[in-house]
Amino acid sequence: MIKKVLLMVMDGLGDRPIAQFNNKTPLEYAKTPNFNKLMQGSQAGLMYTLGRGKRPGSDTAHLQILGYDVEKYYAGRGPIEACGAGIKLQEGDVAFRGNFGTVDENMNVIDRRAGRIKDVTVFAKALDGMVIDGVQFIVKPGSAYRAGVVMRGKGLSHMVSSVDSHNDGDSIHKVEPLDDSAQAKFTANVLNKFVKKSYQILNEMPENKALEQNGKLKANFLLLRGAGYYKELPSFCQKWGFNNSACVAGGGLYKGIGAFLGMDVLPVDGANAQIDTNLENKFKTAINALQTYDFVFMHIKPTDSLAEDGKPEDKKMFIEKIDKYVSMLNCLGDDVLIVVTADHSTACELKAHSADPVPVLFNAKGIRADGLKNFGERECAKGSLGIIEGKDIMPNILNIMGKLPLIGA
Ligand code: ZN
């Protein structure tokens, strides 16, 4: 009897054929004996996360896989990032994702990430709690140069443009209302005041002067984007009938998704969503968590980042590195269902997410396994699951666990 679930999502795992890999994808070309062993005892298929012809973002794709209809529940990326930074959203809040960056005195962006500064706690603290025209700003540090930002007050709207120019060298953008409402105009006005004031505060901080003296870039500006709003939603456990659930991730967005859905976000030493992330600790944390939690979501990021950098060889090597740790899953009991998939394809050729469907496998004792040999896009296409969508994942999990309600009598 299956009682527990490990859902492992490798970001941007799917890809397209690469000429120097004999027209295999990075996943097909990689040597993955442990994934292949898992595959033999699995039902496999391909998945369009958001549906055919829809190119998923990571945030929407994860919501859909975890059983939250994007049309109904997605309220922008800001609220998810804010959750990841530990802010509890309330009705009426407007939330943003933020980057601490560097600007010159003419408000031209020198570096959107302030030289990829590793810790912005002191800078976030300097802005946290600021009140402008009755609106409170909550600013909490995220991973590295990132921050979660929430505006709390009366009469706010998320219909405002971004401060972030998205390009180094460009001037920062003035925030504009995106509709004619008084709320959007008011919010844009308050934000523009915040942007000006926060620059004045940050630029004069002794910590920034010290950075400058050491020849480093100042973190003297907070670039805001991804405005979104609070939306009440059922917790993952409420929605799907689990006793408890945990999230094992390194990236702020993915921890944010866990927190957003009410999962316990477990600390993992050395998990940083970068290529030197501590995979061993991640697998250990997920495996240990399965002793107490009945649903564990584990996320691995660099498969996506390497493809966005257009590096198929590195992506292949990283997949091989993950595969080594997959052998650790052999210790899991017969009551655990392992689901392995991706949130979307990231094509090295495009250096971008694509709408190509992703491989998915369900491995559990007693499952009607397909006996396929190699975990890869085209081998998964031969599996008995056929072509599914992200919304099918949770019902399929419940079916394997014997928890689906009966339709009819
Ligand atoms: Zn992704």
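Residues numbered from 1 in each chain as written. Predicted model: local features only at pLDDT ≥ 70, side-chain atom pairs only at ≥ 80, totals over all residues. Heavy atoms only, no water.

K.L.:
Can you break down the coordination of the zinc ion residue by residue, with the values?
P.N.:
Coordination of the zinc ion by the protein comes from Asp11 (OD), Asp11 (OD), Ser58 (OG), Asp343 (OD) and His344 (NE2), over a distance range of 1.9 to 2.7 Å. Mapped onto the sequence, the residues coordinating the zinc ion show the spacing D-x46-S-x284-D-H. Of this pair, aspartate 11 sits in the loop between strand S1 (4-10) and helix H1 (26-29) while histidine 344 sits in the loop between strand S12 (336-341) and strand S13 (345-347), and the two are 333 residues apart along the sequence. In this structure, aspartate 11 and histidine 344 share a single accessibility class: buried. (Donors = N, O, S within 2.8 Å, 3.2 Å for Na, K, Ca; no water. Helix = DSSP H or I, 4+ residues; strand = E, 2+ residues; numbered from the N terminus. Buried < 20%, exposed > 50% of the residue type's maximum accessible area, 1.4 Å probe, protein only.)

K.L.:
Kindly report on the sheet that holds strand S16 (residues 386-389), identifying the contributing residues and their values.
P.N.:
Read across the open sheet, the eight strands follow the order S10-S9-S11-S1-S12-S15-S2-S16; overall the sheet is mixed. Where the open sheet ends on each side, the last strands, each with one partner, are strand S10 (264-265) and S16. By the bridge criterion, three bridges tie S12 to strand S15 (residues 358-363) in an arrangement that is antiparallel. In the sheet register, valine 340 faces S15, and the bridge partner there is leucine 361. Sheet strands touched by helix H15 (residues 393-400): S1, strand S2 (42-48), strand S11 (295-300), S12, S15 and S16. Its angle to S15, the strand with the most contacts, is close to 15°. (Pairing = 2+ DSSP bridges. Contact = heavy atoms within 4.5 Å. Axes fitted to C-alpha atoms, helices over the stretch in contact; angles between N-to-C directions.)

K.L.:
Give a detailed account of the packing of helix H3 (residues 58-65) against helix H10 (residues 252-260), specifying residues and quantitative values.
P.N.:
For the pair H3 and H10, interaxial distance at closest approach is 11 Å and the crossing angle is 40°. Remark: the crossing between H3 and H10 carries right-handed chirality. Residues Ser58, Asp59, His62 and Leu63 of H3 touch H10, and the partners they reach there are Leu253, Tyr254, Ile257 and Phe260. In the contact of H3 with H10, the residues fall into five nonpolar, two polar and one charged. (Left-handed = near helix turned anticlockwise from the far one by under 90°. Nonpolar A, V, L, I, M, F, W, Y, C, P; charged D, E, K, R; others polar.)

K.L.:
Describe the pairing of strand S6 (residues 135-141), naming the residues involved and giving the relevant values.
P.N.:
Direction of pairing for strand S5 (residues 131-132) relative to S6: antiparallel, over a ladder of two bridges. In the sheet register, isoleucine 132 faces S6, and the bridge partner there is valine 135. Hairpin geometry of S5 and S6 is characterised by an intervening segment of two residues between the two adjacent antiparallel strands and by a positive phi of about 50° at aspartate 133. Across six bridges, the pairing between S6 and strand S7 (residues 146-152) is antiparallel. Among the inter-strand pairings, proline 141 is bridged to a residue of S7, identified as alanine 147. Linking S6 to S7, which pair antiparallel, is a turn of four residues; within it alanine 144 sits at a positive phi near 50°.

K.L.:
A description of unusual backbone geometry should follow, citing residues and the corresponding values.
P.N.:
For alanine 114, which is not glycine, the phi torsion reads 50° and is therefore positive. Among the secondary structure elements, alanine 114 is positioned in the loop between strand S4 (109-111) and helix H6 (121-127). One non-glycine residue, alanine 273, lies in the positive phi region at around 65°. Within the secondary structure, alanine 273 is located in the loop between S10 and helix H11 (279-292).

K.L.:
So what about the pattern of salt bridges? Which residues, and what values?
P.N.:
Taken as a whole and assessed by the stated rule, the structure comprises 20 salt bridges. With its nearest N and O atoms 2.9 Å apart, the salt bridge here joins lysine 315 to aspartate 15. In this pair, lysine 315 is assigned in helix H13 (residues 312-326) and aspartate 15 in the loop between S1 and H1, connecting sequence segments 300 residues apart. Comparing lysine 315 with aspartate 15, the two get one shared label, buried. The shortest N-O distance in the salt bridge between glutamate 28 and arginine 378 comes to 2.6 Å. Of this pair, glutamate 28 sits in helix H1 while arginine 378 sits in helix H14 (residues 377-380); the two residues are 350 residues apart in sequence, bridging distant segments of the chain. (Salt bridge = Lys/Arg side-chain N within 4 Å of Asp/Glu carboxyl O.)

K.L.:
How would you summarise the domain arrangement of the protein if you had to cite specific residues and measurements?
P.N.:
Parsing the protein into structural domains produces domain 1 (4-73 + 233-400) and domain 2 (81-229). Each of domain 1 and domain 2 has a C-alpha centre, and these two points are 32 Å apart. At the interface, six residues of domain 1 touch four residues of domain 2. For the pair domain 1 and domain 2, the two sides together bury roughly 430 Å², of which 62% comes from carbon and sulfur. Sorting the residues of domain 1 by area buried against domain 2 places Gly252, Leu253 and Phe260 first, and these three jointly supply 54% of that buried surface. (Domains from an automatic or database assignment. Buried area = accessible area lost by both parts, 1.4 Å probe.)

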